[in-house]
Amino acid sequence: QVQLVESGGGWVQTGGSLRLSCVASGRTVSTLSMAWFRQAPGKERELVAWIRTITNYADSVKGRFTISRDDAKNTVYLQMNSLKPEDTAVYYCAARVSRYGNYDYWGQGTQVTVSS
């Protein structure tokens, strides 16, 4: 079993920055595929960024968000810069053991609100 706990959400003005953290327990993050998703009210859940041996990003956040991993702290981060109101959502950390397929483990989510 893998447990994920997110933190770092909050309120920020347009153009501001936030850094989300996801602390994992039960397995080391270097052996997992890790990702950040988000879901805005009335919208489908969106895959934002993922990392295992390489990183990748949704087009909507490319160049503004950076996913990274600290193996010593067993933590994955999402640095979010140049935030826009459309980035407002609940952000979820997710993990899977396999390289492909559905994500098996989810955090509780952290709210990010960007005001215009």
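Residues numbered from 1 in each chain as written. Predicted model: local features only at pLDDT ≥ 70, side-chain atom pairs only at ≥ 80, totals over all residues. Heavy atoms only, no water.

S.K.: Before we go on, may I ask you to explain the pattern of salt bridges in this structure?
M.R.: Overall, the coordinates contain five salt bridges when judged by the stated rule. For R38, the salt bridge is made with D87, and the minimal N-O distance between the two is 2.9 Å. Placement of R38 in strand β4 (residues 33–39) and of D87 in the loop between β8 (75–80) and β9 (89–96) is noted, with a sequence separation of 49 residues between them. For D87, a relative accessible area of 1% puts it in the buried group. (Salt bridge = Lys/Arg side-chain N within 4 Å of Asp/Glu carboxyl O. Helix = DSSP H or I, 4+ residues; strand = E, 2+ residues; numbered from the N terminus. Buried < 20%, exposed > 50% of the residue type's maximum accessible area, 1.4 Å probe, protein only.)

S.K.: In this structure, what is going on with the state of the cysteines? I would like to understand it.
M.R.: By the definition in use, this model includes one disulfide. Across the disulfide, C22 is cross-linked to C93 (sulfur-sulfur distance 2.0 Å). Residues C22 and C93 share a disulfide whose torsion about the S-S bond is about -75°; that sign makes it left-handed. In this pair, C22 sits in strand β3 (residues 18–25) while C93 sits in strand β9, placing the two residues 71 residues apart along the sequence. Residue classification places C22 among the buried residues on the basis of a relative accessible area of 0%. Looking at C93, the relative accessible area reads 1%, which means it is buried. (Disulfide = S-S within 2.5 Å.)

S.K.: Would you mind showing me how to read the side chain of S21 here?
M.R.: On the secondary structure map, S21 appears in strand β3. Each residue touching S21, except ones within four places of it in the same chain, is listed here: V5, E6, S7, W36, T75, V76 and Y77. (Contact = heavy atoms within 4.5 Å.)

S.K.: How do you make sense of the packing of aromatic side chains when you look at a structure like this?
M.R.: Geometrically, a pair of aromatic rings is defined through the distance of the ring centres and the angle of the planes. Using the criterion set out here, one finds two aromatic pairs in the structure. Ring geometry for F37 against W106: centres 4.8 Å apart, planes inclined by 50°, an arrangement best described as tilted. Highlighted residues: F37 in strand β4 and W106 in strand β10 (residues 105–106), separated in sequence by 69 residues. Classification of W106 by relative accessible area gives partly exposed; the value is 31%. Counting every residue linked through ring pairs, the aromatic cluster contains F37, Y103 and W106. When the ring centre of F37 is taken as reference, the NZ or CZ atom of R45 above it lies at 5.5 Å. The positively charged end of R96 is found above the aromatic ring belonging to Y103, 4.4 Å away from the centroid. (Phe/Tyr/Trp six-rings, centres within 6.5 Å; stacked < 30°, edge-to-face > 60°. Lys NZ or Arg CZ within 6 Å of the ring centre and 35° of its normal.)

S.K.: Looking at this model, I keep getting lost on the environment of Q39. Mind explaining?
M.R.: Assignment of secondary structure puts Q39 in strand β4. Considered as a pair, Q39 and Y92 are 53 residues apart in the sequence and their alpha carbons are 8.2 Å apart. Excluding residues within four positions of it along the chain, Q39 makes contact with E44, R45, A89, V90 and Y92. At a separation of 3.1 Å, a polar atom in the side chain of Q39 contacts the main-chain carbonyl oxygen of K43. (Polar contact = N/O pair within 3.5 Å; in protein donor to acceptor, adjacent residues only side chain to side chain.)

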